[in-house]
Amino acid sequence: QTLYILRRGLALSRASGGMRVFCAGDVWGEDLVLSKSSLRDSRLRLAVTYLEIFQLTFASFSKVCHRHRSNMALRKRLRQFVARLSARRAILLEARRRRLTAAGETQSSCEFAWWVPGTQDFAV
C-alpha cells in the first residue's frame, strides 16, 4: 500500500482498451486508504525511461494523519475521499462481474475467471 508520484520519466500501465502513459506529475496508489484490498488497483507500472518517484507508504500516511488528527476539516475531506473512491471502485467491480457473467452465459464453452492480487479469492 503505497502512493506514488512520478517526478520524472515515463511509465506504462494497462488500462481498459489499451495502455495508459504516466508522465511527470501523475499519481497512482491513492487507493492506499481503502481497507478492502479487492477495491485497490494492483496493476503494474512499467518504466519506459529512467524514473524518479516520490512514494508514501501507508505507515507514513497514518503517522501524518495521526499528527493532524485534531484538524476536523482534513478528517472530513479524507472520509469523503475514502467513501467516494470505495463506492466508485465497488461499482466498477460489480459492473465487471456482471459483464463477465453475461459473457459466460452467452459463451458457455468459455470459462471466465479473474483474480484480485493480494487475496486468495478467485471469482467466476
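The structure under discussion appears in the preceding block.
The following refers to the structure shown. (Residues numbered from 1 in each chain as written. Predicted model: local features only at pLDDT ≥ 70, side-chain atom pairs only at ≥ 80, totals over all residues. Heavy atoms only, no water.)

**Some remarks on the overall build of the protein chain**
Within the protein chain, the secondary structure is distributed over 2 helices and 8 strands. When the elements of the protein chain are put in sequence order from the N terminus, they spell out β-β-β-β-β-β-α-α-β-β. A burial count over the protein chain gives 19% of its 124 residues as buried. Contacts in the protein chain between residues far apart in sequence, at least 24 positions, make up 62% of those at least 6 positions apart. Surface accessibility of the protein chain: about 9,400 Å² in total, with carbon and sulfur atoms responsible for 57%. (Helix = DSSP H or I, 4+ residues; strand = E, 2+ residues; numbered from the N terminus. Buried < 20%, exposed > 50% of the residue type's maximum accessible area, 1.4 Å probe, protein only. Contact = heavy atoms within 4.5 Å. Areas by Shrake-Rupley, 256 points an atom, 1.4 Å probe, with all protein chains shown as cover.)

**As for the pattern of salt bridges**
If charged atoms from side chains of opposite charge come close, those side chains can pair. For the structure shown, the criterion picks out 7 salt bridges. Of the charged contacts in the structure, one is a salt bridge between Asp41 and Arg43, with a shortest N-O distance of 2.9 Å. Classification of Asp41 by relative accessible area gives partly exposed; the value is 28%. On the basis of relative accessible area, Arg43 is assigned to the partly exposed category, the value being 43%. (Salt bridge = Lys/Arg side-chain N within 4 Å of Asp/Glu carboxyl O.)

**Focus on the sheet that holds strand S3 (residues 18–22)**
Ordered in space as S3-S2-S5, the 3 strands form an open sheet in which the pairing is antiparallel. Among the strands making up the open sheet, the edge pair consists of S3 and strand S5 (46–47). Pairing of strand S2 (residues 11–15) with S5 involves 2 bridges; the strand directions are antiparallel. The residue of S5 that forms the bridge with Ala11 is Ala47. (Pairing = 2+ DSSP bridges.)

**Side note on a nonpolar patch on the surface**
There is a patch of nonpolar side chains on the surface, built from Ile5, Val27 and Phe54 and spanning about 240 Å² of accessible area. Inspection of the secondary structure assignment puts Val27 in strand S4 (residues 27–28). On the accessibility criterion, Val27 (37% relative accessible area) is partly exposed. (Patch = residues over 30% accessible without salt bridge, like charges linked within 9 Å, V, L, I, M, F, W, Y side chains within 5 Å.)

**As for the packing of aromatic side chains**
One pass over the structure, following the stated rule, counts 3 aromatic pairs. Consider the rings of Tyr4 and Trp28, whose centres lie 5.5 Å apart with planes at 25 degrees: the pair is stacked. Separated by 24 residues along the polypeptide, Tyr4 in strand S1 (residues 2–8) and Trp28 in strand S4 bring together distant segments of the chain. Residue class for Tyr4 comes out partly exposed when judged on its relative accessible area of 24%. Between the aromatic rings of Phe22 and Trp28, the centroid separation amounts to 5.1 Å while the plane-to-plane angle is 65 degrees, which identifies the pairing as edge-to-face. For the pair Phe22 and Trp28, one class covers both residues: buried. An aromatic cluster of at least three residues, connected via ring pairs, comprises Tyr4, Phe22 and Trp28. (Phe/Tyr/Trp six-rings, centres within 6.5 Å; stacked < 30°, edge-to-face > 60°.)

**A closer look at the pairing of S2**
Taken together, the 5 bridges between S2 and S3 define a ladder with antiparallel strand orientation. Bridged to Arg14 within S3 is Met19.

**Examining the sheet that holds strand S6 (residues 52–57)**
If you walk across this open sheet you meet the 3 strands as S4-S1-S6, and the pairing is antiparallel. Pairing within the sheet leaves two strands with one partner each, and these edge strands are S4 and S6. When S1 meets S6, the two strands line up antiparallel, connected through 6 bridges. Bridging across to S6, Leu3 finds its partner in Leu56.

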